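This is what each chain is made of:
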Amino acid sequence: MAAGSIIIQGFLVFCFFLGLTSSARPPPPTGLCAASVTPQGYKCQEFEVKTQDGYILSMQRIPEGRAGGGGNKQPVLIQHGVLVDGMTWFFNPPDQSLPFILADAGFDVWIANTRGTRYSRSHTTLDPSMPEFWNWTWDELVTFDLPATFDFVFAQTGQKVHYVGHSMGTLIALASFSEGRLVDKVKSAALLSPIAYLSHMTTALGVVAAKAFVGEITTLLGIAEFNPKGEAAGQFLKMLCSKPGIDCYDLLPALTGKNCCLNSSTVELFLKNEPQPTSTKNMVHLSQTVRDGVIAKYNYGSSEFNLMHYGETRPPIYNLSNIPHNLPLFISYGGLDALSDPRDVGLLLDSLKLHDGDKLTVQFIKDYAHADFIMGVNAKDIVYTAIVAFFNRQ
């Protein structure tokens, strides 16, 4: 395989496990249900949800397990990392895939697809070809996307919602809960490989990339799309790989930590998915989190601009200690995770130190890295069974 191809594939894996890429290919007209769910023998329904700022999000519902069964089932909303679409959860066979496992366990399963991903690329007035379509960061996912999906599931079911997030899907939930959002509609939350504090990220390439995104990447691309397969992004990647000490030939363990339990065919299935853009502004915001060591709203780069947007010279902080102390939380993290480093998870847990003791469940898996939580062949036995038990206790 050509070196350039190896580098590009490795970069796509990097973006995926940060929760930043998915397929750029136009979606099948029938959507995710027909592509990944109904072929496995499960019922599936497609929905569209409009956010308050005009984005039209695709959602899927698996109302029951493969064996059927009616009744008033408890809803579960599953949120992928930022700009990895809902197909992320379906790369493994059904008996290893979290949505199917939850459905077979008697839950009413809902799959979220964040703005900009292949099934959520519509807007009431904007088009993806317009820079304005990409003028957002994960702040807007906290303010608009997550509330829209929660409100929709709550309206459809009339019940409070269990939540599962991985990686960046945990950050937007924690930030939302800290501002008092969703707390009247969430029943409990399971946070896998949580991304909150990022100051101890141990991958050299990740640190270099974060510094670059805060700096020259805005000059390369402006505030619009960041397309990992575009020419500008390709030049950016070559620049990163030319840095001393950066190895672009073995990126998966270097970036995620040494995943213990991945099936190579599952990784290959992911790599067959074309990458798609995220917003450059969102990449910059993620990198600010690495650089600054705090969980804050987007920094516009000057006191004047911050004052204009926030009424203060510094971006407001998301204070995670404000998360309701009686909200049931399940946190699972890995000892070998280079992105959700155990020291950073320790900072997260410290911010939750006043949480009610019987409402916080923490699982540490010493051999797990970032990808094992969604694609590990043994994740069902180690993680997913624990999630089902946690939900059933609430």
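(A) Examining the side chain of Q159 more closely. Tracing the backbone shows Q159 in the loop between α4 (138-157) and β6 (161-166). At 2.8 Å, the side chain of Q159 forms a polar contact with the backbone oxygen of K73. The residues touching Q159, leaving out its near neighbours within four places in the chain, are N72, K73, Q74, P75 and F154.

(B) Main features of the nonpolar core. In this structure, W138 and Y163 are the most contacted members of the largest nonpolar core, which totals 52 residues. Here the element with the most residues in this core is α4; it accounts for eight residues. Other than its neighbours up to four places away in sequence, W138 contacts M168, L171, I172, A175, N282, H285, L286, T289, I295, A296 and Y318. V76, F100, I111 and V388 belong to the second-largest nonpolar core, a separate cluster that totals 39 residues.

(C) Up close: the pairing of strand β3 (residues 75-79). Counting buried residues in β3 gives five out of five residues, a clear majority hidden from the surface. Residues P75, L77 and Q79 point to one face of β3 and V76 and I78 to the other, with burial holding for every one of them. Here four bridges tie β3 to strand β4 (residues 108-112), and the two strands are oriented parallel to one another. Bridged to I78 within β4 is I111. Relative to β6, β3 runs parallel, the two sharing four bridges. Counterpart to I78 in the pairing with β6 is V164.

(D) A look at the packing of aromatic side chains. Per the counting criterion, the structure on display carries 17 aromatic pairs. For the ring pair F90 and F100, a centre distance of 5.2 Å and an interplane angle of 65 degrees mean the geometry is edge-to-face. Pair noted here: F90 is in the loop between β3 and α3 (98-104) and F100 is in helix α3, with a separation of ten residues, a long-range link. Using a relative accessible area of 1% as the deciding quantity, one classes F100 as buried.

What counts and how
- Numbering of residues starts from 1 in each chain and follows the order in which that chain's sequence is written.
- Reporting in this predicted model follows two pLDDT cut-offs: at least 70 for local features of residues, and 80 or more for side-chain atom pairs to be given and counted; totals over whole chains, interfaces and linings ignore these cut-offs and use all residues.
- The basis for the side-chain values is all heavy atoms of the structure; hydrogens and waters are excluded.
- Numbering of helices and strands starts at the N terminus; helices are DSSP runs of H or I of at least 4 residues and strands are runs of E of at least 2.
- N or O atoms closer than or at 3.5 Å make up a polar contact, with two conditions inside protein: a donor-capable atom paired with an acceptor-capable one, and, for residues adjacent in sequence, both atoms drawn from side chains.
- Any two residues whose heavy atoms approach within 4.5 Å at even a single point are treated as in contact.
- For this analysis, a nonpolar core means a set of buried residues of the types Ala, Val, Leu, Ile, Met, Phe, Trp, Tyr and Cys, connected via side-chain atoms within 4.5 Å.
- Three labels apply to residues, based on accessible area from a 1.4 Å probe with only protein chains included: buried if under 20% of the type maximum, exposed if over 50%, partly exposed otherwise in between.
- A pair of strands counts as paired when DSSP detects no fewer than two bridges linking them.
- Stacked, tilted and edge-to-face are the three classes assigned to paired rings of Phe, Tyr and Trp, where Trp is represented by its six-membered ring and a pair needs centres within 6.5 Å; plane angles under 30 degrees give stacked, over 60 edge-to-face, the rest tilted.

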